[in-house]
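Chain by chain, the residues run as shown.
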Amino acid sequence: MTDTSAAFDAFNARHLTPSEVARTFVPPPCFMELAGPSHTLLVGPRGSGKTTLLKMLQPQALVEWKHAEASALRSHISYSGVFVPADISWGAQLEALGFGRLSDADHQVLATASFTTHVLRAFVDVIIYKVSALVHGSGNKWAVELPEDKELQLTQELAKCW
């Protein structure tokens with residue numbers, strides 16, 4: 001029996017950048033509702049496109065998206081999506097760090113710290129993109145001009161909060 005997982009990995013959005021996802025994205029009917037300014041629960045079986053849909057809500061994907069409906073859909077999105085990649089491999093990674101040898105309290109602290117770090121990193125990645133988009137002249141609505149003194153202030157405030 002041959003291993004076909006490598007062939008199917010190419011179609012898994014988990015391994016693609018937002019720009020790569022945007023190149024082939026065709027919006028399903030539910031995309032406008034998902035992209036709306038409300039809380040939404042996205043549920044579906046493995047391989048149904050959940051990651052693709054969520055990656056498309058990131059500013060970088062929306063800017064790169066070249067589809068007949070792209071402009072209209074972009075105009076309805078008034079936020080910057082932050083995609084936090086998470087999957088069942090986190091459990092295995094944390095287990096390898098010694099969960100079997102940690103107390104329940106230490107296990108919970110490490111799991112919370114790991115998740116929080118992933119969320120904060122994803123948030124900072126979006127900020128970096130939004131600031132650099134203006135520098136690269138893309139002129140998109142998600143670009144933000146952040147003078148050096150304001151960047152320093154933001155960094156200090158985030159450091160205090162975190």
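Predicted model, so just to flag it, every value in this text is computed and none were measured. (Residues numbered from 1 in each chain as written. Predicted model: local features only at pLDDT ≥ 70, side-chain atom pairs only at ≥ 80, totals over all residues. Heavy atoms only, no water.)

A few words now on the overall build of the protein. When you go through the protein residue by residue, the secondary structure sums to 9 helices and 0 strands. With 162 residues in all, the protein has 25% of them scored as buried. Taking the intrachain contacts of the protein between residues at least 6 apart in sequence as the baseline, contacts between residues at least 24 apart amount to 61%. About 11200 Å² of surface is accessible on the protein, with carbon and sulfur atoms providing 60% of the total. (Helix = DSSP H or I, 4+ residues; strand = E, 2+ residues; numbered from the N terminus. Buried < 20%, exposed > 50% of the residue type's maximum accessible area, 1.4 Å probe, protein only. Contact = heavy atoms within 4.5 Å. Areas by Shrake-Rupley, 256 points an atom, 1.4 Å probe, with all protein chains shown as cover.)

Right, let's talk about the pattern of salt bridges for a bit. A side chain of one charge can pair with a side chain of the opposite charge if their charged atoms are brought near each other. Inspection of every chain in the model, using the stated rule, returns 1 salt bridge. Two residues, lysine 160 and glutamate 157, come together in a salt bridge whose shortest N-O distance is 3.2 Å. Of the two residues, lysine 160 and glutamate 157 both sit in helix H9 (residues 148-161), 3 residues apart, roughly one turn of that helix. (Salt bridge = Lys/Arg side-chain N within 4 Å of Asp/Glu carboxyl O.)

With that settled, consider a nonpolar patch on the surface. Residues Val82, Phe123 and Trp162 make up a contiguous nonpolar surface patch of about 280 Å² in total accessible area. Assessed through its relative accessible area of 34%, phenylalanine 123 is described here as partly exposed. (Patch = residues over 30% accessible without salt bridge, like charges linked within 9 Å, V, L, I, M, F, W, Y side chains within 5 Å.)

One finds Phe25, Phe31, Met56, Leu57, Trp65 and Ile77 to be the most contacted residues of the largest nonpolar core, which totals 21 residues. Mapped onto this core, the elements with two or more residues apiece are helix H2 (18-24), helix H3 (31-35), helix H5 (59-64), helix H6 (70-75) and helix H8 (104-135). Not counting the four nearest positions on each side in its chain, leucine 57 is found in contact with Phe31, Leu34, Ala35, Leu62, Ile77, Tyr79 and Gly81. (Core = buried A, V, L, I, M, F, W, Y, C linked by side-chain atoms within 4.5 Å.)

Moving on, we get to the packing of aromatic side chains. Here the structure, examined in full by the defined rule, presents 4 aromatic pairs. Through pairs of rings, three or more aromatic residues link up here, namely Phe25, Phe31 and Trp65. (Phe/Tyr/Trp six-rings, centres within 6.5 Å; stacked < 30°, edge-to-face > 60°.)

Okay, the confidence of the model for the protein next. Chain-level statistics for the protein give a pLDDT mean of 85 and a share of 88% at 70 or above. Confidence drops under a pLDDT of 50 for residues 1-8, and excluding neighbours within four residues, the segment shows 0 contacts in the predicted structure. (pLDDT = per-residue confidence, 0-100.)

Next up on the list: the environment of asparagine 140. Tracing the sequence through the fold places asparagine 140 in the loop between H8 and H9. Taking the C-alpha atoms as reference points, asparagine 140 and glutamate 64, 76 residues apart in sequence, are found 9.9 Å from one another. Not counting the four nearest positions on each side in its chain, asparagine 140 is found in contact with Val63, Tyr129 and Ala133.

Of note, leucine 57 is situated in the loop between helix H4 (50-55) and H5. Linking leucine 57 and glycine 81, residues 24 residues apart in sequence, is a C-alpha distance of 5.1 Å.

As a further point, take the environment of valine 63. Following the sequence through the fold, valine 63 ends up in helix H5. Not counting residues within four places of it along the chain, the set of residues in contact with valine 63 comprises Arg74, Tyr129, Asn140 and Trp142.

Before going further, it helps to spend a moment on the side chain of serine 19. In this structure, serine 19 sits in helix H2. One polar contact links serine 19 to glutamine 60, side chain to side chain, over a distance of 3.3 Å. Every residue in contact with serine 19, bar those within four places of it in the chain, is listed here: Gln60 and Glu64. (Polar contact = N/O pair within 3.5 Å; in protein donor to acceptor, adjacent residues only side chain to side chain.)

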